[in-house]
Amino acid sequence: MGRYRIRVATGAWLFSGSHNSIQMWLVGARGMAELELQLRPARGEEEFEQDVPNDLGPLQFVKLRKHHSLVDDAWFCDHITVRGPGACAEAAFPCYRWVRGQGILSLPEGTACLAGDNALDVFQRHREKELKERQHIYRWATWKEGLPLTIAANSKDELPPNERFHEEKRLDFELTLKAGILEFTHKRVYTLLSSWNHLENFNQIFCSQKSVLAEKVHQCWQDDELFGYQFLNGANPMLLRRSTSLPSRLVLPSGTEELRAQLEKELQNGSLFEADFILLDGIPANVIQGEKQYLAAPLVMLKMEPNGKLLPMVIQLQPPNSSSSTPPLFLPSDPPLAWLLAKSWVRNSDFQLHQLQYHLLNTHLVAEVIAVATMRCLSELHPLFKLLVPHIRYTMEINTRARTQLISEGGIFDKAMSTGGGGHVVLLHRAGAQLTYCSLCVPDDLADRRLLGLPCALYAHDALRLWEIIARYVEGIVHLFYQRDDVVRGDPELQAWCREITEVGLCQAQDRGFPVSFQSQAQLCHFLTMCVFTCTAQHAAINQGQLDWYAWVPNAPCTMRMPPPTTKEDVTMATVMGSLPDVRQACLQMTITWHLGRQQPDMVPLGHHKEKYFSSPKAKAVLKQFQTDLENLEKEITARNEQLDLPYEYLKPSRIENSVTI
C-alpha cells in the first residue's frame with residue numbers, strides 16, 4: 001500500500017474549468033492504478049491524496065478521461081504533479097491543452113529527452129503515436145502559390161482547439177476592434193460637416209489614445225531630422241543601408257554637379273546612406289471605390305552628420321525609364337510643399353514595405369511556418385519542443401484572422417492601402433525572393449547593410465544585444481541534450497523539423513540559404529536563435545512602432561490618390577491634400593493602427609512564460625539565467641533612454657511579447 005499526493009492545475013482564464021467529471025490513472029514501470037475519485041476541475045490548483053495497493057514504480061504516464069452526459073464541457077489542464085510514497089521525487093506531467101471528448105489522454109512524465117534516448121519502448125511508442133495524430137491535426141495549406149505555407153484553416157473556427165485565443169484574449173481582441181470601428185464611424189460623421197483641404201484637418205481624426213511619441217510625430221513630422229531618424233529607429237528600421245557606391249538608378253543630370261560632389265564626399269567619408277524602394281516598381285496600384293490609387297518606387301540618399309543626425313540629401317521618386325524623361329530629383333532646397341510631398345511619397349512607400357515585407361512576411365508568416373513544423377515534427381518530450389512552444393502561442397490564430405480580415409479579398413488592405421486589390425500579393429512574391437536565411441539573422445543582416453557600430457542606430461544596438469542573450473539561452477538548452485555534433489546529426493525528429501521548415505513550409509528555401517539538415521551544435525544553435533528572435537524581438541521591433549509613427553496619418557500615408565509629382569513648381573496644398581488619404585482612408589488607418597499597435601492586456605514578456613515545460617533543475621537554471629540577462633538589458637536600455645530626446649523602447653525586454661500574438 002502506498003500513498004500518492006496528486007496536484008491538478010487548471011488554466012486561470014475564463015471557462016478553463018469543467019463541470020464534467022475526470023477519470024484518472026497513474027501508470028508506472030511496475031503497474032497501473034485507477035484513482036478512485038471523480039474530479040470536477042475548477043480554475044486554480046486542487047490537491048488530494050490517494051492510497052494505491054501496489055507499488056507502481058517510477059511513474060511514466062498520467063492518463064485522463066473526461067466523462068460527459070449532455071454537454072462536452074472542455075477542460076484546460078495546465079499540469080499534474082504526483083509525489084509517490086516515501087522519499088520519491090515529485091513527478092511532473094505537463095499538459096497545457098484542452099481536454100475534450102471522452103477519449104483517453106496520456107500525459108508522459110515531463111523529463112525532456114531525445115527520440116531513442118529512453119530504452120523504454122513505451123515512450124517511443126507514445127512519441128510515434130503523438131506525432132502521427134498531430135500531423136493529421138496540423139496540416140499545411142497554400143494561401144497564395146509561391147508564398148510560405150500556412151496552417152490549413154479557412155477561418156479561426158477551423159483551427160486546432162489548442163491554437164485558439166483563450167477567452168479573455170478573444171473578448172479583448174473583438175471588443176476593441178468593435179470600439180475602434182465605432183470611433184471610426186463617429187469621426188467620419190463629424191468630418192462630413194467640415195472641409196478637408198488643409199493638413200490641420202487631420203487633427204480632427206487624430207487618435208484620442210495617442211502615445212507621447214505619436215504626439216511628438218504630430219508636432220515634428222515635417223522636419224528632415226525626424227524623417228531621417230525613422231530609417232534607423234522608427235517603425236521600419238530594416239531598409240536603410242550604408243552606401244558603397246552611388247546607386248546606378250540615381251541619374252544626376254547636368255546642373256547637379258554640386259549635389260554629385262556632396263554625395264561623393266559623404267561616400268568617401270563613409271557617411272552616405274540609402275533607402276531604395278525598387279521592390280515597388282511596377283506593382284499594380286489599388287482602385288478604391290472606383291478611384292485609382294498610386295504607388296512610387298523612391299530612392300532616398302541620406303547623410304549622417306557628426307552628431308549622429310541622419311538627414312535626407314535627395315529623393316528620386318521613380319527609377320529611370322527608357323520610355324519617359326529622366327525622373328526629377330527633389331532636394332531640401334526645393335519649394336517647401338514640393339519637398340514635403342516627396343517625403344510623403346517616401347513614407348507611403350515605407351508603409352507598404354514595412355507592413356507586407358518586414359512585418360507580415362518576415363515575422364508573421366515565418367513564425368507560422370516555425371509553429372506548424374514544430375507541432376508536426378517534435379514530440380512534447382523533445383527538449384526543443386519545450387524550448388519553442390512558448391514562442392508560438394496564438395500565432396496561428398492571429399495569422400488566420402489576418403488572412404480572413406486584413407489581407408483577404410475585400411479586407412482592410414483592399415479598402416485603404418495603395419497596394420491592396422492584388423498588388424500586395426505581387427509584392428509579397430517579390431519580397432519572398434529576398435527572404436534569405438541571413439536576412440533573418442540580425443548579425444548577418446546588419447553586417448550586410450553596414451550598420452554595425454553606429455551609436456545612433458538604437459534598433460541595431462538593442463537587436464544585437466538581444467540576439468546574443470537569446471543565443472546564450474539556446475546554447476544552454478542545446479548543450480544539455482546534444483553533447484556532440486553526431487548527436488545532432490542522429491536526431492530524427494530534429495532533422496525532420498529542419499526539412500519541414502525549409503523544404504515544405506518555406507517552399508524549397510535551401511537556395512536562399514536555409515539549411516535542410518543540421519550537422520553541428522553550432523549550426524543548430526544559430527538556427528534556433530533565429531527562430532526565437534523572429535517570433536519575439538524582431539516582431540516587437542516591427543509591430544510596436546505602428547501606434548507611434550502611423551497614428552498621425554500624414555507621416556505614413558496608407559495610400560496616395562494622385563500620381564507622383566514630375567515638377568516642383570506646381571505643387572500646392574491642394575496637390576498635397578489630394579495626394580494624401582481621404583478622410584475615410586485616414587480614419588481606417590488610425591483605427592487599425594491603434595488596434596494592432598497597442599500593448600496587449602494578456603501580454604507575456606519574453607522569457608517569462610508561466611508554463612513549466614522543463615522539469616530538470618539544469619534546464620530551469622538556464623531559463624533563470626535568461627531571465628536575469630533580460631532584466632540586466634532592461635536596466636541598460638532604461639538608463640540609456642533617460643539621456644535621449646527620443647527614447648527607443650521597442651526592444652526593452654519587458655515590452656517584447658513572448659510570441660507573435662497580434
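An account of the accompanying structure is given in this report. None of the values given here were measured: they were computed from a predicted structure. (Residues numbered from 1 in each chain as written. Predicted model: local features only at pLDDT ≥ 70, side-chain atom pairs only at ≥ 80, totals over all residues. Heavy atoms only, no water.)

1. Some thoughts on the overall build of the chain
Turning to step 1, where the next piece is worked out: Secondary structure summary: the chain contains 19 helices and 17 strands in total.
Turning to step 2, where the next piece is worked out: Relative to its length of 662 residues, the chain is compact, with a C-alpha radius of gyration of 28 Å against a globular reference of 26 Å.
Turning to step 3, where the next piece is worked out: When its C-alpha atoms are laid out on the principal axes, the chain stretches across 95 × 55 × 45 Å.
Turning to step 4, where the next piece is worked out: Counting over 662 residues, the chain shows a buried share of 60%.
Turning to step 5, where the next piece is worked out: The long-range share in the chain, meaning contacts at least 24 apart out of those at least 6 apart in sequence, stands at 74%.
Turning to step 6, where the next piece is worked out: With 66 positive and 75 negative side-chain charges, the chain shows a separation of 3 Å between the mean positions of the two kinds. (Helix = DSSP H or I, 4+ residues; strand = E, 2+ residues; numbered from the N terminus. Rg over C-alpha atoms; globule rule 2.2 N^0.38 Å. Buried < 20%, exposed > 50% of the residue type's maximum accessible area, 1.4 Å probe, protein only. Contact = heavy atoms within 4.5 Å. Lys, Arg positive; Asp, Glu negative; His and termini not counted. Charge placed at Lys NZ, Arg CZ, Asp CG, Glu CD.)

2. Side note on unusual backbone geometry
Turning to step 1, where the next piece is worked out: Phi is positive for Phe15, which is not a glycine, with a value near 65°.
Turning to step 2, where the next piece is worked out: Its place among the elements puts Phe15 in the loop between strand 1 (2–10) and strand 2 (21–28).
Turning to step 3, where the next piece is worked out: With a relative accessible area of 59%, Phe15 lands in the exposed category.
Turning to step 4, where the next piece is worked out: You will see that Gln508, though not glycine, has its phi angle at about 60°, which is positive.
Turning to step 5, where the next piece is worked out: Take Gln508: it is sitting in the loop between helix 14 (492–505) and helix 15 (521–543).

3. Considering the sheet that holds strand 7 (residues 90–99)
Turning to step 1, where the next piece is worked out: Strand order in the open sheet formed by 4 strands is 4-1-6-7, with antiparallel pairing between adjacent strands. Each having just a single partner strand, strand 4 (44–52) and strand 7 make up the two edges of the open sheet. Each adjacent strand pair in this sheet contributes to an overall mean axis angle of 20°, direction not counted.
Turning to step 2, where the next piece is worked out: Examined bridge by bridge, strand 6 (residues 75–83) and strand 7 share 8 bridges and lie antiparallel to one another. For Cys77, the partnering residue across the bridge sits in strand 7 and is Arg97. (Pairing = 2+ DSSP bridges. Axes fitted to C-alpha atoms, helices over the stretch in contact; angles between N-to-C directions.)

4. A closer look at the nonpolar core
Turning to step 1, where the next piece is worked out: In terms of nonpolar packing, the biggest core is built from 175 residues, with Phe202, Phe231, Tyr482 and Trp497 touching the most fellow members.
Turning to step 2, where the next piece is worked out: Per-element accounting of this core gives the leading share, 23 residues, to helix 6 (residues 336–377).
Turning to step 3, where the next piece is worked out: Leave out the neighbours within four places in its chain, and Tyr482 touches Leu114, His382, Leu384, Val487, Val488, Asp491, Leu494, Gln521 and Leu524. (Core = buried A, V, L, I, M, F, W, Y, C linked by side-chain atoms within 4.5 Å.)

5. Some words on the pattern of salt bridges
Turning to step 1, where the next piece is worked out: Inspection of every chain in the model, using the stated rule, returns 38 salt bridges.
Turning to step 2, where the next piece is worked out: For the salt bridge of Arg5 with Glu49, the shortest nitrogen-to-oxygen distance reads 3.3 Å. Linking Arg5 in strand 1 with Glu49 in strand 4, this pair joins segments that are 44 residues apart in sequence.
Turning to step 3, where the next piece is worked out: With a relative accessible area of 40%, Arg5 lands in the partly exposed category.
Turning to step 4, where the next piece is worked out: When its relative accessible area of 39% is taken as the criterion, Glu49 is described as partly exposed.
Turning to step 5, where the next piece is worked out: Put simply, Asp602 and Arg393 hold a salt bridge, and the shortest N to O gap is 3.5 Å. In this pair, Asp602 sits in the loop between helix 18 (583–597) and helix 19 (617–641) while Arg393 sits in the loop between helix 7 (383–388) and helix 8 (395–406), placing the two residues 209 residues apart along the sequence. (Salt bridge = Lys/Arg side-chain N within 4 Å of Asp/Glu carboxyl O.)

6. Considering helix 18
Turning to step 1, where the next piece is worked out: With 15 residues, helix 18 ought to run about 21 Å at 1.5 Å a step, and its terminal C-alpha atoms sit 21 Å apart, in line with that.
Turning to step 2, where the next piece is worked out: Taking burial as the measure, the 15 residues of helix 18 include 14 buried ones, the bulk of the element.
Turning to step 3, where the next piece is worked out: The residue sitting at the N-terminus of helix 18 and contributing the capping side-chain oxygen is Asp582; that oxygen lies 3.2 Å from the backbone nitrogen of Arg584. (Expected span 1.5 Å × (residues − 1). Polar contact = N/O pair within 3.5 Å; in protein donor to acceptor, adjacent residues only side chain to side chain.)

7. Some points on the sheet that holds strand 12 (residues 272–276)
Turning to step 1, where the next piece is worked out: Strand order in this open sheet of 5 strands is 11-12-15-16-17, and the pairing throughout is antiparallel. Taken across any chain shown, the strands that pair with only one partner, and hence form the sheet edges, are strand 11 (241–242) and strand 17 (329–330).
Turning to step 2, where the next piece is worked out: Pairing analysis gives 2 bridges linking strand 16 (residues 310–316) to strand 17, with the strands arranged antiparallel. The residue of strand 17 that forms the bridge with Ile315 is Phe330.

8. Structural notes on the pairing of strand 12
Turning to step 1, where the next piece is worked out: With 4 of 5 residues buried, strand 12 lies mostly within the body of the structure.
Turning to step 2, where the next piece is worked out: Looking at chain direction, strand 11 and strand 12 are connected through 2 bridges and run antiparallel. Considered in strand 12, the bridge of Arg241 is made with Glu274.
Turning to step 3, where the next piece is worked out: Note: strand 12 against strand 15 (residues 299–304), 5 bridges, orientation antiparallel. Paired with Ala275 across the strands is Val300, a residue of strand 15.

9. So, the packing of aromatic side chains
Turning to step 1, where the next piece is worked out: Applying the stated criterion to the full structure yields 20 aromatic pairs.
Turning to step 2, where the next piece is worked out: Taking 5.1 Å as the distance between ring centres and 80° as the angle between the ring planes, the aromatic pair formed by Phe76 and Trp98 counts as edge-to-face. Remark: Trp98 occurs in strand 7 and Phe76 occurs in strand 6; sequence separation between them is 22 residues.
Turning to step 3, where the next piece is worked out: Classification of Trp98 by relative accessible area gives buried; the value is 16%.
Turning to step 4, where the next piece is worked out: Between Phe206 and Trp552 the ring centres are 5.4 Å apart and the planes differ by 80°, which places this aromatic pair in the edge-to-face class. With a gap of 346 residues between them, Phe206 in the loop between helix 2 (167–191) and helix 3 (212–220) and Trp552 in the loop between helix 16 (545–550) and helix 17 (573–579) connect regions that are remote in the sequence. Comparing Phe206 with Trp552 shows no difference in burial state: the two are buried.
Turning to step 5, where the next piece is worked out: The rings of Tyr437, Trp497, Phe514, Phe518 and Phe527 are connected pair by pair, giving a single aromatic cluster.
Turning to step 6, where the next piece is worked out: The residue whose ring lies beneath Lys144 is Trp143, and the NZ or CZ to ring-centre distance is 5.6 Å.
Turning to step 7, where the next piece is worked out: It is Lys343 that lies over the ring of Phe227; its NZ or CZ is 5.8 Å from the centre. (Phe/Tyr/Trp six-rings, centres within 6.5 Å; stacked < 30°, edge-to-face > 60°. Lys NZ or Arg CZ within 6 Å of the ring centre and 35° of its normal.)

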